[in-house]
Amino acid sequence: MTEGAPGGSAGDRFALCDLFANYGALIDAAEFDAWLALFAATCAYHIVPRENYERGLPAGLVYCDSRGMLEDRIRALREANKYNIHTDRHLIGLPRLVGEGGDAKLVEAPFTVYQTDQEGETRLFATGLYRDRIVVEAGGLKFRDKLVLLDTFAVPSLLATPL
Amino acid sequence: MTEGAPGGSAGDRFALCDLFANYGALIDAAEFDAWLALFAATCAYHIVPRENYERGLPAGLVYCDSRGMLEDRIRALREANKYNIHTDRHLIGLPRLVGEGGDAKLVEAPFTVYQTDQEGETRLFATGLYRDRIVVEAGGLKFRDKLVLLDTFAVPSLLATPL
Amino acid sequence: MTEGAPGGSAGDRFALCDLFANYGALIDAAEFDAWLALFAATCAYHIVPRENYERGLPAGLVYCDSRGMLEDRIRALREANKYNIHTDRHLIGLPRLVGEGGDAKLVEAPFTVYQTDQEGETRLFATGLYRDRIVVEAGGLKFRDKLVLLDTFAVPSLLATPL
């Protein structure tokens, strides 16, 4: 792959599947440095309730407009997670190319996240849609803008790990 | 792709993944005209509890034997949905080719559907298996017969959107 | 494909997706002989809570170190299932190649399993991660070692079918 927008070959399609598979797996394994490496050097990461997004309301639950903010957020989450010990499990559906803009592809994928607490109880934590701008950088696919659209405005507990 | 049964190339396999990804995404985005365009000109759409299907009982929850019936049903659902406002989220597993018959391929994929109500509560709504006959029409893959096998006969509330 | 480690072509990638899709579908359809045929002649199958695995504790919920043990286990489950009648539904995420060792590839995939009981109630049964060693045998992909890492040590009821 060359720098710029990802292409449409079989290899590129599998690279896209791998990007999303790695995204969920690295959160679930709490490998946050490797997870951060899935983002482009210049990147953004937002968590917004779907309702707000559809009404054009800017209010988001997490708002990281630069890589520095995202790294800070991850550090804070690691600290918070000491007081809300749980494990995550992401199930991410098949990614779907929905458009192109400049050197990025717009790709959506539905997701569900389950959390298991220290008592061993597993609960549905969140469902939603990733709506991401993806670029080729340093020979691989990276998230330039990751938008996590949550199906509910009522997140049941502390957002102690990324979604 | 030529008219008739879909082939087995990498492009055809991705086209199959895209068909299922689009199917779920378009329901969740309430884009029902685009969703209807995923069906062949001559098509059928049935929702049947798995138990009835396995016992050969014909009783289904939704029974559309033609494109006209399916379009009517979608219109009715849109009306009903005004009184049961919610959003859907489909997670669809990897599609699996299980047979061929005439110019169609028989493809299965497992699914789960979550619904979020106006209070912001997200609940598991249904799990089951798509068991579909898929053809090539107008250069793309289309559902000729979509069979939604529900894992339970006890659907917890009104079927206000397609599954 | 030749005997040994699976390769990286598009066909091989789809074969990997098919292996996981078949794995879940055959359990859900209670086709256990076909399910057993997804394992290599020499194989192992373990179900271990994630916490025990990460701490290096050997205690597992299911421990089959040979094909004979796995076949015995399936026979026992079929008997047990007569007294805990339910159906399963697996949702398995995109498989992810995480390493290679000798003639096997190490592949992970997240999963959720739902169970529906005779009253028609569907519940989340388990979430976790498959962490499998996969080989080419008799021209197809087979599980040599299947490790089912459960997110919880507290399985809510009898393990009456494989996970």
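Our subject in this report is the structure included herewith. Predicted model only: the values in this text are computed from it and were never measured.

### Here's the deal with the interface of chain A and chain C
Now for step 1: Counting from both sides, the interface comprises 24 residues of chain A and, opposite them, 21 residues of chain C.
Now for step 2: For the chain A and chain C pair, buried surface summed over both sides reaches about 1800 Å², with 60% attributable to carbon and sulfur atoms.
Now for step 3: Of all residues in chain A, Phe14, Arg89 and Leu91 of chain A give up the largest surface area on contact with chain C, accounting jointly for 36% of the area buried on that side.
Now for step 4: Inspection of the chain A/chain C interface yields two salt bridges.
Now for step 5: Between Asp151 of chain C and Arg89 of chain A there is a salt bridge whose closest N-O contact spans 2.7 Å.
Now for step 6: Viewed at the interface, chain C and chain A are joined by seven residue pairs in polar contact (both at pLDDT 80 or more).
Now for step 7: The dominant element in the side of chain A that touches chain C, judged by the number of residues it contributes, is helix H1 (residues 10–28) of chain A, at nine residues.
Now for step 8: For the side of chain A that touches chain C, a count of residues per class yields 11 nonpolar, seven polar and six charged.

### Notes on the relation of the copies chain A and chain C
Now for step 1: Of the transformation superimposing chain A on chain C, the axial component is 0.0 Å and the angular component is 120 degrees, with the fit at an RMSD of 0.0 Å. Between the two chains, the operation in question is that of a three-fold axis.

### Digging into unusual backbone geometry
Now for step 1: Positive phi outside glycine occurs at Ala30 of chain A, with the angle close to 60 degrees.
Now for step 2: With respect to the helices, strands and loops of the structure, Ala30 of chain A is situated in the loop between H1 and helix H2 (32–36).

### Let's talk about the interface of chain A and chain B
Now for step 1: Opposite the 22 residues of chain A that make contact, chain B presents 24 residues.
Now for step 2: Surface buried jointly by chain A and chain B totals about 1800 Å² across both partners, of which 60% is contributed by carbon and sulfur atoms.
Now for step 3: Linking chain A with chain B are two salt bridges, by the criterion used here.
Now for step 4: Residues Asp18 of chain B and Arg13 of chain A are paired through a salt bridge, measuring 2.9 Å at the closest nitrogen-oxygen approach.
Now for step 5: Inspection of the chain A/chain B interface yields seven residue pairs in polar contact (both at pLDDT 80 or more).
Now for step 6: Contributions of two or more residues to the side of chain A that touches chain B are made by H1, strand E3 (86–92), strand E5 (104–117) and strand E6 (122–137) of chain A.
Now for step 7: Class assignment for the residues of the side of chain A that touches chain B results in 13 nonpolar, five polar and four charged.

### Description of the pairing of strand E5 (residues 104–117) of chain B
All names here are of chain B.
Now for step 1: Burial within E5 is extensive, with 13 of its 14 residues counted as buried.
Now for step 2: Where strand E3 (residues 86–92) lies against E5, seven bridges are found, and the strand directions are antiparallel. Across the sheet, Arg89 pairs through a bridge with Tyr114, a residue of E5.
Now for step 3: With five bridges joining them, strand E4 (residues 96–101) and E5 adopt antiparallel strand pairing. Bridge pairing in E5 places Gly99 opposite Leu106.
Now for step 4: What sits between E4 and E5 in their antiparallel hairpin is a turn of two residues, with Gly102 showing a positive phi close to 65 degrees.
Now for step 5: Relative to strand E6 (residues 122–137), E5 runs antiparallel, the two sharing 12 bridges. Looking across to E6, one finds that Leu106 is bridged to Arg133.

Conventions and cut-offs
- Residues numbered from 1 in each chain as written.
- Chains lettered and ligands numbered in written order.
- Predicted model: local features only at pLDDT ≥ 70, side-chain atom pairs only at ≥ 80, totals over all residues.
- Heavy atoms only, no water.
- Contact = heavy atoms within 4.5 Å.
- Buried area = accessible area lost by both parts, 1.4 Å probe.
- Salt bridge = Lys/Arg side-chain N within 4 Å of Asp/Glu carboxyl O.
- Polar contact = N/O pair within 3.5 Å; in protein donor to acceptor, adjacent residues only side chain to side chain.
- Helix = DSSP H or I, 4+ residues; strand = E, 2+ residues; numbered from the N terminus.
- Nonpolar A, V, L, I, M, F, W, Y, C, P; charged D, E, K, R; others polar.
- Least-squares fit on C-alpha atoms with pLDDT ≥ 70 in both.
- Buried < 20%, exposed > 50% of the residue type's maximum accessible area, 1.4 Å probe, protein only.
- Pairing = 2+ DSSP bridges.

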